[in-house]
Amino acid sequence: MSNAPHPPNGPTNGGPQYGPSYGQPPHPGAPPPQPAKKKPGCFLIGCLGLVAVVLVVGIVMAVALSTGGGTVAEEGRQGVGNGSAEESLPKLGTAVVSGSLEFTLSSLECGVTVKDVTGSEVEPQGQFCKVDVTIKNVGKQEATVDQSAIKLIDADEIEYAASDDTLVMVEDTIFYEQVNPGNSIAGIAYFDIPEGVTPVLALCQGGFLETAAKVDLT
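This structure is a prediction, so every number in the text was calculated from the model and none was measured. (Residues numbered from 1 in each chain as written. Predicted model: local features only at pLDDT ≥ 70, side-chain atom pairs only at ≥ 80, totals over all residues. Heavy atoms only, no water.)

A. Summary view of the overall build of the protein chain. Each helix and strand in the protein chain was counted, giving two helices and 10 strands. Ordering the α and β elements of the protein chain from the N terminus gives α-α-β-β-β-β-β-β-β-β-β-β. Once local pairs closer than 6 in sequence are excluded, the contacts in the protein chain between residues at least 24 apart make up 69%. Working note: accessible area of the protein chain is about 14,800 Å², and carbon and sulfur atoms make up 57% of it. (Helix = DSSP H or I, 4+ residues; strand = E, 2+ residues; numbered from the N terminus. Contact = heavy atoms within 4.5 Å. Areas by Shrake-Rupley, 256 points an atom, 1.4 Å probe, with all protein chains shown as cover.)

B. Structural view of unusual backbone geometry. At Glu157, a residue that is not glycine, the phi angle is positive and equals roughly 65 degrees. Here Glu157 shows up in the loop between β5 (150-154) and β6 (159-160). Positive phi, normally seen in glycine, also occurs at Asp172, with a value near 75 degrees. Examined against the element boundaries, Asp172 turns out to sit in the loop between β6 and β7 (177-179). Residue classification places Asp172 among the exposed positions, given a relative accessible area of 52%. (Buried < 20%, exposed > 50% of the residue type's maximum accessible area, 1.4 Å probe, protein only.)

C. Structural view of the packing of aromatic side chains. Per the counting criterion, the structure on display carries two aromatic pairs. Ring centres of Phe128 and Tyr190 lie 6.3 Å apart, and the angle between their planes is 70 degrees; this geometry places the pair in the edge-to-face category. Of the two residues, Phe128 sits in strand β3 (residues 127-137) while Tyr190 sits in strand β8 (residues 184-193), which places them 62 residues apart along the sequence. The residues Phe128 and Tyr190 share a single accessibility class, namely buried. A centroid spacing of 5.1 Å and a plane angle of 80 degrees characterise the contact between Phe175 and Tyr176, whose relative ring orientation is edge-to-face. (Phe/Tyr/Trp six-rings, centres within 6.5 Å; stacked < 30°, edge-to-face > 60°.)

D. Fine view of the state of the cysteines. By the definition in use, this model includes one disulfide. Between Cys110 and Cys129 runs a disulfide, and the two sulfur atoms are separated by 2.0 Å. On the sign convention where negative is left-handed, the bridge of Cys110 and Cys129, at about 105 degrees about the S-S bond, is right-handed. Of this pair, Cys110 sits in strand β2 (residues 101-112) while Cys129 is found in strand β3, placing the two residues 19 residues apart along the sequence. The class for Cys110 is partly exposed, based on a relative accessible area of 31%. For Cys129, a relative accessible area of 0% gives the class buried. (Disulfide = S-S within 2.5 Å.)

E. Summary view of the nonpolar core. Ranked by internal contacts, the top residues of the largest apolar core, which has 27 residues, are Phe103, Leu105, Val133, Ile135, Val145, Leu152 and Phe191. Taken together, the elements giving at least two residues each to this core come down to β2, β3, β4 (143-145), β5, β8, β9 (199-204) and β10 (213-216). Not counting residues within four places of it along the chain, the set of residues in contact with Leu152 comprises Val131, Ile158, Glu159, Tyr160, Phe191, Pro199, Leu201, Ala202 and Leu217. Val122, Phe128, Val170 and Ile188 belong to the second-largest nonpolar core, a separate cluster that totals seven residues. (Core = buried A, V, L, I, M, F, W, Y, C linked by side-chain atoms within 4.5 Å.)

F. Expanded view of the pattern of salt bridges. For the structure on display, the rule yields one salt bridge. Between Lys91 and Asp216 there is a salt bridge; the shortest N-O distance is 2.8 Å. Highlighted residues: Lys91 in the loop between α2 (72-77) and β1 (95-98) and Asp216 in strand β10, separated in sequence by 125 residues. The exposure class assigned to Lys91 is partly exposed, which follows from its relative accessible area of 40%. Residue Asp216 is classed as buried on the basis of its relative accessible area, which comes to 16%. (Salt bridge = Lys/Arg side-chain N within 4 Å of Asp/Glu carboxyl O.)

Right, dumping it as structure tokens:
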């Protein structure tokens with residue numbers, strides 16, 4: 001008695017034939033697998049950390065400027081006109097030091113006439129104030145001195161710079177003079193300030209980053 005033939009693999013009722021090694025086909029209409037999305041957590045945390053650092057730096061700078069970041073002239077004007085007796089300032093004729101320079105302001109005179117080397121009168125916008133000054137190099141290196149190192153302040157805390165009109169053509173002005181250590185130079189600084197204004201304070205600054213020394217002109 002013969003055995004019946006074995007049926008072929010898979011369904012025999014007219015369905016599709018699949019080999020045993022290929023598995024089942026994907027379900028009809030199923031979407032293709034999507035790649036895994038990267039989590040933005042690390043990137044977001046890094047950005048927030050950078051923003052926090054920038055904010056902290058900005059706050060620190062703002063506090064520094066509001067508490068101690070004023071200019072040297074602003075620091076020097078503190079106490080002018082408020083009658084404060086806490087600080088006894090040196091008077092005319094007393095040497096003061098700022099950085100590597102020592103300043104001795106010997107006199108102040110306002111309403112003076114200024115003439116250039118040709119004998120022509122220099123016309124001020126207001127009035128000329130004349131300051132006689134001796135500047136000594138007390139440092140260890142050569143220094144460049146100029147009348148711009150001196151500022152005048154009035155009772156309303158208004159600051160006046162030395163006049164540019166008297167720099168070159170007027171005798172005895174101090175204009176970018178080189179002074180070696182231990183040496184000194186004497187000269188005149190002229191200031192063009194409004195008529196009727198009287199300076200009450202002088203600021204002498206021995207360098208751009210140096211604290212200005214104060215001289216009481218009253």
